[in-house]
Amino acid sequence: MNAPPIKDLSKLCVHTITTKPWSLEEAAENYEKAGVKGVSVWRQYLGGRDISAAGDRLRSHGLDIVSLVRGGFFPSISAKNRDLAIQDNLKAVDEAAALGAPMIVLVCGADPDQSLETSREQIQEGIEKVLPHAMANGVKLAIEPLHPMYADTRSAVSTLRQANEMAESIDSDHVGIAADVYHLWWDPDLKTELLRCGQKGNLFAFHICDWLSPTVDFLNDRGLMGEGCIDIPKIRGWAEEAGFSGYNEVEIFSDRHWAGDQKEFLDKIVESYYHC
């Protein structure tokens, strides 16, 4: 059963990477004008800034800070690189705390020179090492399973089942999952695993966009909601059945849209949001 139709923008969140050409200030001002209520901040937008002041500025525009994106990239055949990844994730926790973001989205990583099983073991080990610092700062960690086409370098966690198993193994109320329809729509077990995720209290985030067919780039050709072949209302219905009541986070990577007028793009995001 599809979710009830969206009637307002009260749960609309936009990732800053979606309007990539805009500065953080431009995004904040224009999101507010468009009626967007939440923002997920990508770390590159914080470079050289007073992060606490940046958080205050976002909130002054009426925006809830939903998450900081992204941590992760734990696996490597190099012990030195694994340690550097831990240090970067500890830094991300500090950034999230300063920004006032309650959660970090983890793009977990993989190393093509080792097995996926080894990479997953290193991901869990990395999360467990970062977790005490995250808990001490009141920051949650959300594992984001990615489409299997990214299993070589971006994430050895490819299914919601794998993410569920990892979160349940870690067994902390500070570790859960960010479910992105772009990465999970194809999975025949998606409903079952979303309900499992919700039952365990582990469904922390829900990301939306669409899969264009044909697509011209598997990374940077995502579509507006309703432009492609993902049944977003059905998946959103499953997420809500699982108990999710948070923001619907628009995360669109699109060379086509980035090359155009970002205000027009944002208007299209708002319009298409009612169709998801």
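Because the structure is a prediction, the values reported are computed rather than measured.

Draft legend 1. Structural detail: the sheet that holds strand S10 (residues 248–250). Strands sit in the order S1-S2-S3-S4-S5-S6-S7-S10 around a closed barrel of eight strands; the barrel is parallel. The mean inter-strand angle of the sheet, taken between neighbouring strand axes irrespective of direction, is 30°. Bridging between strand S1 (residues 12–15) and S10 involves three bridges; their strand directions are parallel. Paired with cysteine 13 across the bridge in S10 is glutamate 249. The strands touched by helix H3 (residues 79–99) are strand S2 (38–42), strand S3 (64–72) and strand S4 (103–107); relative to S3, the strand with the most contacts, the crossing angle is about 175°.

Draft legend 2. The arrangement of the pairing of strand S5 (residues 140–143) in detail. Across four bridges, the pairing between S4 and S5 is parallel. Residue pairing for S5: valine 105 is matched across the bridge by alanine 142. A crossover links S4 with its parallel partner S5, the connecting element being helix H4 (residues 116–136), and its sense is right-handed. Where S5 and strand S6 (residues 175–180) come together, three bridges link them in parallel fashion. Paired with leucine 141 across the strands is valine 175, a residue of S6. Regarding the hand of the β-α-β motif, the stretch spanning S5, helix H5 (residues 160–170) and S6 is right-handed.

What counts and what doesn't
- Residues numbered from 1 in each chain as written.
- Predicted model: local features only at pLDDT ≥ 70, side-chain atom pairs only at ≥ 80, totals over all residues.
- Heavy atoms only, no water.
- Pairing = 2+ DSSP bridges.
- Helix = DSSP H or I, 4+ residues; strand = E, 2+ residues; numbered from the N terminus.
- Axes fitted to C-alpha atoms, helices over the stretch in contact; angles between N-to-C directions.
- Contact = heavy atoms within 4.5 Å.
- Right-handed = clockwise from strand over helix to strand, strands pointing away.

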